Amino acid sequence: MKLDPFYLIVDSADWIERLVPLGIRLVQLRMKDLPEDRLRAEIRRAKAACAAGGCQLIVNDYWQIAIEEGCDFVHLGQEDLAGADIAAIRASGMKLGLSTHDAAELETALAARPDYIALGPIWPTILKKMKWAPQGVERIADWKARIAPLPLVAIGGLNPDRLFAVFENGADSAAVVTDITLNADPEARTREWIERTARWR
């Protein structure tokens, strides 16, 4: 499986409807603490926008709702993985991405036979408080050697100027949140990411 090198992560269908038309091919919808009816509404809007834009949608965490809503990709963190029914996810035909931060988590993730592995944080990140120190780009090469041929997603503190180091060390896709969502001009920044990742597409 090949992932687009530009992996956008956002917390609402509003963002997806706003940015996918610019040419994004891979986006994760990551929402926290919403009631189920709102979650379903957001997923349905995101699915429609991605279908119209030729974009792959990945739903974060809510694997049961993702199955019921006919989604084709889910991403789980380690805590969510522990409580997930992997057999049910597989039976639904959904693809699965998993987060990892250390060697023990990588072993747990690989046992679930995912479709890709994410590693982070590569650099310091302001998105959330992390108990792990920044991994550095050298860890990307190590992780890629361990998981090949699975795709590897790098996340945490990424910006366009750091992309070369990420891809040259073996990442297949670069995930981004705040470098776009907190930018003064998210559309312009999105276009820059699309252009700067073109050589690895």
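Positions within a chain are numbered from 1, following the residues in the order the chain's sequence is written. In keeping with the model being predicted, local features are shown solely for residues with a pLDDT of at least 70 and side-chain atom pairs are shown and tallied solely at 80 or more, while totals for entire chains, interfaces and linings include all residues. Excluding hydrogens and water, the side-chain values take into account all heavy atoms of the structure.

Participant: Would you explain unusual backbone geometry in this entry?
Facilitator: A negative phi angle characterises most non-glycine residues, just as the trans form characterises most peptide bonds. Look at the link from Gly120 to Pro121: it is a cis peptide, with omega at -10°. Looking at where Pro121 falls in the secondary structure, it is placed in the loop between strand E6 (116–119) and helix H7 (137–147). That bond from Ala148 to Pro149 is cis: its omega, 10°, falls within 30 degrees of zero. You can see Pro149 is positioned in the loop between H7 and strand E7 (152–154). The phi torsion at Asp61 lies on the positive side, around 75°, for a residue other than glycine. The numbering of helices and of strands both runs from the N terminus, where a helix is a DSSP run of H or I of at least 4 residues and a strand a run of E of at least 2. When you line up the elements, Asp61 lands in the loop between strand E3 (56–60) and helix H3 (63–68). We classify Asp61 as buried; its relative accessible area is 12%. We call a residue buried when its accessible area falls under 20% of the maximum for its residue type, exposed when it is over 50%, and partly exposed in between, using a 1.4 Å probe and counting protein chains only.

Participant: How do you make sense of the packing of aromatic side chains when you look at a structure like this?
Facilitator: Think of a pair of aromatic rings as described by two things: how far the centres are apart, and how the planes are tilted against each other in angle. Only rings of Phe, Tyr and Trp enter the pairing, Trp through its six-membered ring, and a pair is recorded when the two centres are within 6.5 Å. The plane angle decides the type: under 30 degrees is stacked, over 60 is edge-to-face, the rest tilted. Under the counting rule described, the total for this entry stands at five aromatic pairs. On the basis of an interplanar angle of 85° and a centroid distance of 6.0 Å, the ring pair of Tyr7 and Tyr116 is categorised as edge-to-face. You can see Tyr7 sitting in strand E1 (residues 6–10) and its partner Tyr116 sitting in strand E6, a full 109 residues away along the chain. Among the residues examined, Tyr7 registers a relative accessible area of 1% and is labelled buried. By the ring-pair criterion, three or more aromatic residues cluster together here, those being Tyr7, Phe73 and Tyr116.

Participant: How do you make sense of the sheet that holds E6 when you look at a structure like this?
Facilitator: As a general point, the strands of a sheet are linked pairwise by backbone hydrogen bonds and lie either parallel or antiparallel. Criterion used throughout: strands pair if DSSP finds at least two bridges between them. Pairing in this closed barrel of eight strands is parallel, and the strands run E1-E2-E3-E4-E5-E6-E7-E8 around the ring. This sheet shows a mean twist of 25° between the axes of neighbouring strands, independent of strand direction. Both E1 and strand E2 (residues 26–29) contribute to a ladder of three bridges, which runs parallel. Note on E2: the bridge partner recorded for Val10 is Leu29. Whether two residues are in contact is decided by their heavy atoms, any of which lying within 4.5 Å being enough. In this description, a line fitted to the C-alpha atoms serves as the axis of each element, helices being fitted only across the stretch in contact, and the angle between N-to-C directions of two axes falls anywhere from 0 to 180 degrees. On the sheet, helix H6 (residues 103–111) packs against strand E5 (95–100) and E6 and is oriented at approximately 170° with respect to E5.

Participant: Whenever I open this one, the pattern of salt bridges confuses me. Can you help?
Facilitator: Pairing between side chains of opposite charge can happen when their charged atoms approach one another. Should a side-chain nitrogen of Lys or Arg be within 4 Å of a carboxyl oxygen of Asp or Glu, the pair is scored as a salt bridge. With the rule as written, the count across this model stands at 18 salt bridges. Here Arg18 and Glu187 are joined by a salt bridge, their closest N and O atoms 2.5 Å apart. Note that Arg18 is positioned in helix H1 (residues 13–19) and Glu187 in helix H10 (residues 186–196), a separation of 169 residues in sequence. In this structure Arg18 comes out as partly exposed when scored by relative accessible area, which is 40%.

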